[in-house]
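Observations on the three-dimensional arrangement
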Amino acid sequence: MSSWLGGLGAGVGQSLGRAWGSLASLSGQISDLTKEMLMEASEEVEELPNSRRTEIEAIHAVLKSENESMKKLCTNLEEKQEASELQIKQQSTNYRNQLQQKEAKIFTVTSYSFYCNVFRKVFKSL
């Protein structure tokens with residue numbers, strides 16, 4: 001049973017790790033795409049009239065701000081993932097300890113019961 005709980009904790013931890021890893025990967029891809037778009041846009045800006053150039057610079061500022069927000073969000077989520085993994089490990093350890101204590105109690109009760117039955121048989125035969 002303790003291996004089952006350990007497996008459950010590990011499975012949940014792995015699932016969270018994959019989910020957070022996917023989120024971090026997505027954030028990285030968005031960041032890369034944004035950088036690429038900004039580089040292409042800045043190359044094209046030199047050839048544009050002033051009104052269009054101003055519009056593109058405003059879009060650039062917005063995208064840059066969104067990129068920074070996404071980076072902060074990703075960092076916060078990574079921190080939450082680490083905290084969740086630590087919490088899961090702690091809970092798993094607690095459950096394993098509780099299970100071991102209960103198994104020890106069951107062993108003690110079973111042993112006691114066995115010896116009581118042996119003594120009863122011995123005293124009945126006397």
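Attention in this report is confined to the structure presented alongside it. (Residues numbered from 1 in each chain as written. Predicted model: local features only at pLDDT ≥ 70, side-chain atom pairs only at ≥ 80, totals over all residues. Heavy atoms only, no water.)

A word on the overall build of the protein chain. Of regular secondary structure, the protein chain possesses two helices and zero strands. Taking as baseline every contact in the protein chain between residues at least 6 positions apart, the subset at least 24 positions apart corresponds to 83%. When the accessible surface of the protein chain is split by element, carbon and sulfur atoms take 59% of a total near 10,000 Å². (Helix = DSSP H or I, 4+ residues; strand = E, 2+ residues; numbered from the N terminus. Contact = heavy atoms within 4.5 Å. Areas by Shrake-Rupley, 256 points an atom, 1.4 Å probe, with all protein chains shown as cover.)

Mapped onto the secondary structure, H60 falls in helix α2 (residues 50–125). Separated by 25 residues in the primary sequence, H60 and K35 place their C-alpha atoms 9.9 Å from one another.

A few words on the pattern of salt bridges. This model, assessed by the stated rule, comprises three salt bridges. Two residues, E55 and R52, come together in a salt bridge whose shortest N-O distance is 3.1 Å. Taken as a pair, E55 and R52 lie in helix α2 at a separation of three residues, close to a single helical turn. On the basis of relative accessible area, E55 is assigned to the partly exposed category, the value being 41%. For R53, the salt bridge is made with E57, and the minimal N-O distance between the two is 3.5 Å. One end of the pair, R53, and the other, E57, are both in helix α2, four residues apart, so they sit about a helical turn from each other. What makes E57 partly exposed here is its relative accessible area of 43%. (Salt bridge = Lys/Arg side-chain N within 4 Å of Asp/Glu carboxyl O. Buried < 20%, exposed > 50% of the residue type's maximum accessible area, 1.4 Å probe, protein only.)

Tallied over the full model, the rule gives one aromatic pair. Measuring from ring centre to ring centre gives 5.4 Å for F114 and Y115, while their planes differ by 70°; the resulting arrangement is edge-to-face. (Phe/Tyr/Trp six-rings, centres within 6.5 Å; stacked < 30°, edge-to-face > 60°.)

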